[in-house]
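Survey of secondary and tertiary structure
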Amino acid sequence: MSDTHHDHGHEHGHHHREPESVLSLRVRALESLLVEKKLVASDAVDRIVSAYEEDIGPHNGAQVVARAWLDPAYKQRLLADGTAAIEELGFGGVDLKVVENRPGVHNMVVCTLCSCYPHALIGLPPVWYKSFEYRSRAVREPRVVLREFGLDLPENVEIRIWDSSAELRYLVLPERPAGTEGLSEAELAGLVSRDSMIGVAVARPPAPAAR
Amino acid sequence: MDTVPSREIADMKGAAALPRKNGELVFDEAWQGRIFGMTVAMSHDTSFEWREFQAQLIAEIAHAEREGESTSYYERWLNAFEQLLADKGLVDPAALAERTREFETGRRDDVF
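This one's a predicted model, so the numbers in the text were calculated from it and none came from an experiment.

**A closer look at the overall build of chain B**
Scanning chain B from N- to C-terminus turns up five helices and two strands. Along its sequence from the N terminus, chain B presents helices and strands in the succession α-β-β-α-α-α-α. Counting the 112 residues in chain B, one finds 32% classified as buried. Within chain B, contacts between residues separated by at least 24 positions form 55% of all contacts whose residues are at least 6 apart in sequence.

**Quick look at the overall build of chain A**
Looking only at helices and strands, chain A has 11 helices and four strands in total. Out of the 211 residues in chain A, the part that is buried amounts to 36%.

**Description of the interface of chain A and chain B**
Counting from both sides, the interface comprises 37 residues of chain A and, opposite them, 36 residues of chain B. Among the elements of the structure, α1 (22-36), α2 (42-55), α3 (59-70), α6 (119-122) and α10 (185-189) of chain A are those that each provide at least two residues to the side of chain A that touches chain B. Class assignment for the residues of the side of chain A that touches chain B results in 22 nonpolar, nine polar and six charged.

**Observations regarding the nonpolar core**
Ranked by size, the top nonpolar core spans 38 residues in total, and within it Val-65, Ala-66, Val-109, Leu-171, Val-192 and Met-197 of chain A carry the most contacts. Considering each element in turn, this core owes the most residues, six residues, to α3 of chain A. In this structure Leu-171 of chain A touches Gly-61, Gly-82, Leu-96, Val-98, Pro-118, Leu-121 and Met-197 of chain A, once residues within four positions along its chain are discounted. Judged by nonpolar contacts, the second largest core, of 31 residues, contains Leu-33 and Val-40 of chain A together with Phe-81 and Val-91 of chain B.

**Let's talk about the environment of Val-145 of chain A**
Here Val-145 of chain A shows up in helix α9 (residues 142-148). Leave out the neighbours within four places in its chain, and Val-145 of chain A touches Tyr-134, Arg-137 and Ala-138 of chain A.

**Observations regarding the packing of helix α3 (residues 50-66) of chain B against helix α4 (residues 73-87) of chain B**
All names here are of chain B. Packing of α3 against α4 brings their axes to within 8 Å, and their N-to-C directions diverge by 125 degrees. Classified by the angle between their axes, α3 and α4 sit oblique to one another. In the packing of α3 onto α4, the handedness of the crossing is right-handed. Every residue of α4 that contacts α3 at Glu-52, Phe-53, Gln-56, Leu-57, Glu-60, Ile-61 and Ala-64 is listed here: Arg-76, Trp-77, Asn-79, Ala-80, Phe-81, Gln-83 and Leu-84. For the contact of α3 with α4, the class distribution of residues is eight nonpolar, three polar and three charged.

**Points about the packing of α3 of chain A against helix α4 (residues 72-80) of chain A**
Residue and element names in this part refer to chain A. The geometry of α3 relative to α4 is characterised by a closest axis approach of 5 Å and an angle of 125 degrees between their N-to-C directions. On the basis of their axis angle, the class for α3 and α4 is oblique. Listed contacts from α4 to Val-64, Arg-67 and Ala-68 of α3 are Tyr-74, Lys-75 and Leu-78. Across the contact of α3 with α4, the residue classes tally to four nonpolar, no polar and two charged.

**With respect to α4 of chain B**
Residues and elements named next belong to chain B. The first and last C-alpha atoms of α4 sit 21 Å apart over 15 residues, in line with the 21 Å expected at 1.5 Å per residue. Regarding α4, the residues found buried are Tyr-74, Arg-76, Trp-77, Leu-78, Ala-80, Phe-81, Leu-84 and Leu-85. Two residues or fewer after α4 comes Gly-89, characterised by a positive phi angle close to 70 degrees.

**Points about unusual backbone geometry**
Phi is positive for Lys-38 of chain A, close to 60 degrees, though the residue is something other than glycine. For Lys-38 of chain A, a count of 8 C-beta atoms within 10 Å gives the class exposed. Of note, Thr-46 of chain B is a non-glycine position whose phi angle comes to about 60 degrees, a positive value. Looking at the secondary structure, you find Thr-46 of chain B in the loop between α2 (30-44) and α3. Here Thr-46 of chain B falls in the exposed class, since 8 other C-beta atoms lie within 10 Å of it.

**Examining α1 of chain A**
Residue and element names in this part refer to chain A. Between the first and last C-alpha of α1 there are 21 Å, a value that for 15 residues agrees with the 21 Å anticipated at 1.5 Å per step. Taken together, the buried positions of α1 are Leu-25, Arg-26, Val-27, Arg-28, Ala-29, Leu-30, Glu-31, Ser-32, Leu-33 and Leu-34. Two residues or fewer past α1, Lys-38 is found with a positive phi of approximately 60 degrees.

**Concerning the environment of Glu-102 of chain B**
Positionally, Glu-102 of chain B belongs in helix α5 (residues 93-104). Contacts of Glu-102 of chain B, omitting those with residues within four sequence positions, involve Arg-107 and Arg-108 of chain B.

**Description of the confidence of the model for chain B**
Residue and element names in this part refer to chain B. Put simply, chain B has an average pLDDT of 89, and 91% of its residues get 70 or more. Of all the helices and strands in chain B, strand β2 (residues 24-25) carries the lowest mean pLDDT, 73, while α4 carries the highest, 97. The ipTM, which scores confidence in the relative placement of chains, is 0.93 for this predicted complex, and the corresponding pTM is 0.55.

**Some details on the environment of Val-45 of chain A**
Following the sequence through the fold, Val-45 of chain A ends up in helix α2. Its 24 C-beta neighbours within 10 Å are what place Val-45 of chain A among the buried residues. Spatially, the C-alpha atoms of Val-45 of chain A and Glu-31 of chain A are 9.8 Å apart, while their sequence positions differ by 14 residues. Residue contacts for Val-45 of chain A: discarding those within four places in its chain leaves Val-40 of chain A together with Arg-34, Gly-37, Met-38 and Ala-41 of chain B.

Reading the values: the criteria
Residues numbered from 1 in each chain as written. Chains lettered and ligands numbered in written order. Predicted model: local features only at pLDDT ≥ 70, side-chain atom pairs only at ≥ 80, totals over all residues. Helix = DSSP H or I, 4+ residues; strand = E, 2+ residues; numbered from the N terminus. Buried ≥ 20, exposed ≤ 12 C-beta atoms within 10 Å, placed from the backbone. Contact = placed C-beta atoms within 7 Å. Nonpolar A, V, L, I, M, F, W, Y, C, P; charged D, E, K, R; others polar. Core = buried A, V, L, I, M, F, W, Y, C linked by C-beta atoms within 7 Å. Axes fitted to C-alpha atoms, helices over the stretch in contact; angles between N-to-C directions. Parallel < 35°, antiparallel > 145°, perpendicular 65-115°, else oblique. Left-handed = near helix turned anticlockwise from the far one by under 90°. Expected span 1.5 Å × (residues − 1). pLDDT = per-residue confidence, 0-100.

What follows is the structure, encoded as structure tokens:
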């Protein structure tokens, strides 16, 4: 499968402009007032929107990971039969194998043929996941690819590559970060990024203290 | 850090649950993202607690359902947000109405 997101049959032009909706004008008026009163900064709003757009997709998967960190029996079931274990939490529609990171072993998921991906758990695949470059290099030189993602693994860590297919999808169970004792399931889930469940990152460390 | 999504917001349940597709947030129009972002930003800056906004949103949704309004999720969100800002004395409804008229008539055209 190739990237198809430039192949829309219709034109996006700037030659005509739809009249702006009443709601859109109301929101602009509100933003203009809030900015003027210094109650809101527009660049902060930009950052928040993109963070949620990118990061919230994986919230189902993050919940699965957090549950596994907290409940050893659930983790066992999850590793033994991913499909059944995610159904327990109300997620389904995917045949899933969960692979666990542990000291000395790092797992990483790719789909070398196309872009098979566990949507139901971690949202839509990022553009790079679908790129030919990632699909080919993840297998050939995973250590280099991971370094480019900012993950520099020691040489003695074995990297296992899992090639997704239409029949079976993979999800990485990242290692639980240190210093997270006593965190709730929801707080733990907040540390689990999409990238950590694809295996190109690790789970985030907890925030040092309350803001 | 204000860029790490809060589970309290991301995982709201029931009628208040954020619209999603394949797990990802859906903003059908740009203004929906703006109003979402402004609300989240102000809850970070201690203008109000998230649960205060959530309660207002739930009340607004219940009201709209009772009245049989066909308004969208984010239109209800906008109503709830404006109400909360008015209740907190942060934005004067009359000033907001005047500012909105300025945008409608094109006297103002700030772009964000």
